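# Results of the structural survey
These are the residues of each chain, in order.
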Amino acid sequence: MKILHTADWHLGKRLQDFQRLQEQQDVLAEIIQIADREQADLVLVAGDLFDTFNPDPKAEDLLYSTLKELTAGGKRTVVAIAGNHDNPDRIEAQDHFGRECGILFAGFPKTIIRSHELSCEAKLLQSAPGFIELKLSQFDSPVRIILTPYANETRMQAYFGMANQDDEFRQRLGHHWATLADAYMDDKGVNLLMAHLFMMKRGGEQPEESEDERSILQVGGASLTYTDMIPPQVQYAALGHLHRHQELGGGPCPVVYSSSPLSYSFAEADQQKYVVCIDVEPGQPAVVTPIALQTGKRLLRPRFKRVDEAVDWLTQNPNCYAEITLQTPTYLTSEERRQLQQAHTSLVTIIPDVRDIDEPEQVTTPAIDLTQSIESLFANYFKSRNKGQEPNDRLQQLFREILATEPE
């Protein structure tokens, strides 16, 4: 059985003022091509389908049209779960549409997908809270999937009856997974877990995450889970939430964050993005193959010491989003900012690093000579407040204009 794992589409997400819907459309078209080329039998989308609880209609249209295309006319089943950016009720509201196309949606950790004959070539053999077993037409063996969409702390407490303690949450979630695995998973079928959680190896180094995703742990740590909680029957764990591709250790099987399809913040600058292809059969270890995505602009963060160097680089690298840091002895003038903005259509941020390139970091403040002119006193004050940097000509001219203003 061939399975394609993807996650964190964040449809509708912008990069500050830059609309990225066309890029998202292009990269999802690439994912569809990969699914067809690899002859995937099943597609898993592990949460954060949208970027907000109330997505733009264009983002909704892109999601559902893409999922439908991924089914290849009903020949391929798609299973999608909600992430922390999704409205779980909105995700499950499309259940009827999904059944008609061969798409299964789960919005909550204990969602029960009702038994029915799918309007496609697959069949739903049985389901339980947070679990489905499917029969794909081309295989004698079934595929079983434990589903754990994201839920906030309140919902986790309601589902698992836990007190507000991290260890109890992990104990109860692990027990829930183990109960499902013991009841439904043996070596006669393919056994998977799909979750949108922050997971790491117990005692290991915490995986990298972007600034946009750190809020998931601001619920008393309720979403922190460990790879050794995964039941031994599971052959592959498909995770969503972290945007960098990574395979975690400490579990009974490959535990993988597929990555987001695009870089969505400069914390992900110059990251390669992937989908993951899994070859697996009952009772055998899964073979995992990351497939690099080629679509979408890179996010780059170069540093410069001169405006002309920055302008040259921006001119030579038009097909990216840029956040440039410019080390400069004075604040940038409006003309310098204009030159930088005109050199690149996707310049997102200019960060001035205002300090004297040749001076040491520790600047000794000299004694104040009150016999100086008021302009010199202002310049010295400015230097004392800005690490020894001189005010630029425009700022000094503004100061002189203020001095020349008649008092009321």
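Described below are features of the structure shown in this document. Since the structure is predicted, the reported quantities are computational estimates derived from the model, not experimental observations. (Residues numbered from 1 in each chain as written. Predicted model: local features only at pLDDT ≥ 70, side-chain atom pairs only at ≥ 80, totals over all residues. Heavy atoms only, no water.)

### So, the overall build of the protein
- Looking only at helices and strands, the protein has ten helices and 19 strands in total.
- Classification of the 408 residues of the protein by burial places 52% in the buried group.
- Considering only contacts within the protein whose residues lie at least 6 apart along the sequence, 67% involve residues at least 24 apart.
- Counting every atom, the protein has about 19,200 Å² of accessible surface; 46% of that belongs to carbon and sulfur. (Helix = DSSP H or I, 4+ residues; strand = E, 2+ residues; numbered from the N terminus. Buried < 20%, exposed > 50% of the residue type's maximum accessible area, 1.4 Å probe, protein only. Contact = heavy atoms within 4.5 Å. Areas by Shrake-Rupley, 256 points an atom, 1.4 Å probe, with all protein chains shown as cover.)

### A closer look at the sheet that holds strand S12 (residues 246-248)
- What the seven strands build is an open sheet, ordered S5-S6-S7-S8-S11-S13-S12; its pairing is mixed. Sheet topology places strand S5 (123-128) and S12 at the edges, where each strand pairs with a single neighbour. This sheet shows a mean twist of 20 degrees between the axes of neighbouring strands, independent of strand direction.
- Looking at chain direction, strand S6 (residues 131-135) and strand S7 (residues 143-148) are connected through four bridges and run antiparallel. (Pairing = 2+ DSSP bridges. Axes fitted to C-alpha atoms, helices over the stretch in contact; angles between N-to-C directions.)

### Points about the packing of helix H7 (residues 307-316) against helix H8 (residues 334-342)
- At a minimum axis distance of 9 Å, the contact between H7 and H8 shows a crossing angle of 20 degrees. Considering their axes alone, H7 and H8 lie roughly parallel with respect to each other. Crossing geometry of H7 relative to H8 is assigned as left-handed. Residues Val 307, Ala 310, Val 311 and Leu 314 of H7 lie in contact with H8, whose contacting residues are Glu 336, Gln 339 and Leu 340.
- Residues belonging to the contact of H7 with H8 are distributed by class as follows: five nonpolar, one polar and one charged. (Parallel < 35°, antiparallel > 145°, perpendicular 65-115°, else oblique. Left-handed = near helix turned anticlockwise from the far one by under 90°. Nonpolar A, V, L, I, M, F, W, Y, C, P; charged D, E, K, R; others polar.)

### A short note on the pairing of strand S11 (residues 236-240)
- Most of S11 sits out of view: five of its five residues are buried.
- As defined by bridge partners, strand S8 (residues 190-196) adjoins S11 across five bridges and the pair is classed as parallel. When the bridges of S11 are listed, His 196 appears paired with Gly 240.
- Direction of pairing for S11 relative to strand S13 (residues 255-257): parallel, over a ladder of three bridges. Looking at S13, one finds that Ala 238 is bridged to Val 256.

### Observations concerning the sheet that holds strand S4 (residues 103-106)
- Within the open sheet, the six strands sit side by side as S4-S3-S2-S1-S14-S15. Their pairing is mixed. Looking at which strands have only one partner, the edges of the open sheet turn out to be S4 and strand S15 (287-292). On average, each strand axis in the sheet is tilted by 20 degrees relative to the strand beside it, whichever way the strands run.
- Sheet topology note: the strand S14 (residues 274-279)/S15 ladder contains six bridges and is antiparallel. Looking at the pairing, Val 276 lines up with Pro 290 of S15.
- Lying on the sheet, helix H1 (residues 21-37) is in contact with strand S1 (2-6), S14 and S15; it crosses S1 at an angle near 165 degrees.
- Lying on the sheet, helix H2 (residues 57-70) is in contact with strand S2 (42-46), strand S3 (77-81) and S4; it crosses S4 at an angle near 130 degrees.

### Focus: the packing of helix H9 (residues 374-385) against helix H10 (residues 393-404)
- Two numbers describe how H9 lies on H10: the axes approach to 11 Å, and their chain directions differ by 135 degrees. Taken together, the axis directions place H9 and H10 in an arrangement best described as oblique. For the element pair H9 and H10, the recorded crossing hand is right-handed. Facing H9, whose interface residues are Ile 374, Glu 375, Phe 378 and Phe 382, H10 presents Leu 395, Phe 399, Arg 400 and Leu 403.
- Split by residue class, the contact of H9 with H10 holds six nonpolar, no polar and two charged.

### Some remarks on the pairing of S2
- Most of S2 is tucked away: five of the five residues are buried.
- Because side chains alternate across S2, one face comprises the buried residues Leu 42, Leu 44 and Ala 46, and the other comprises Val 43 and Val 45, equally buried.
- Taken together, S1, H1 and S2 form a β-α-β motif whose crossover is right-handed.
- Since S2 and S3 lie parallel, the crossover through H2 that links them has a hand, and here it is right-handed. (Right-handed = clockwise from strand over helix to strand, strands pointing away.)

### Side note on the nonpolar core
- Leu 4, Trp 9, Leu 67 and Leu 70 are the most contacted members of the largest nonpolar core, which has 34 residues in total.
- When residues of this core are traced back to their parent elements, those giving at least two are H1, S2, H2, S3, S4 and S14.
- Ranked by size, the runner-up nonpolar core spans 30 residues in total, among them Leu 44, Val 79, Ala 106 and Val 256. (Core = buried A, V, L, I, M, F, W, Y, C linked by side-chain atoms within 4.5 Å.)

### Quick notes on the pattern of salt bridges
- Taken as a whole, this structure holds 17 salt bridges when the rule is applied.
- Glu 323 is paired through a salt bridge with Arg 301; the nearest N and O atoms lie 2.8 Å apart. Placement of the pair is Glu 323 in strand S18 (residues 320-328) and Arg 301 in the loop between strand S16 (298-300) and strand S17 (303-304), with a sequence separation of 22 residues.
- You can call Glu 323 buried: its relative accessible area is 11%.
- Note on Arg 301: relative accessible area 46%, which makes it partly exposed. (Salt bridge = Lys/Arg side-chain N within 4 Å of Asp/Glu carboxyl O.)

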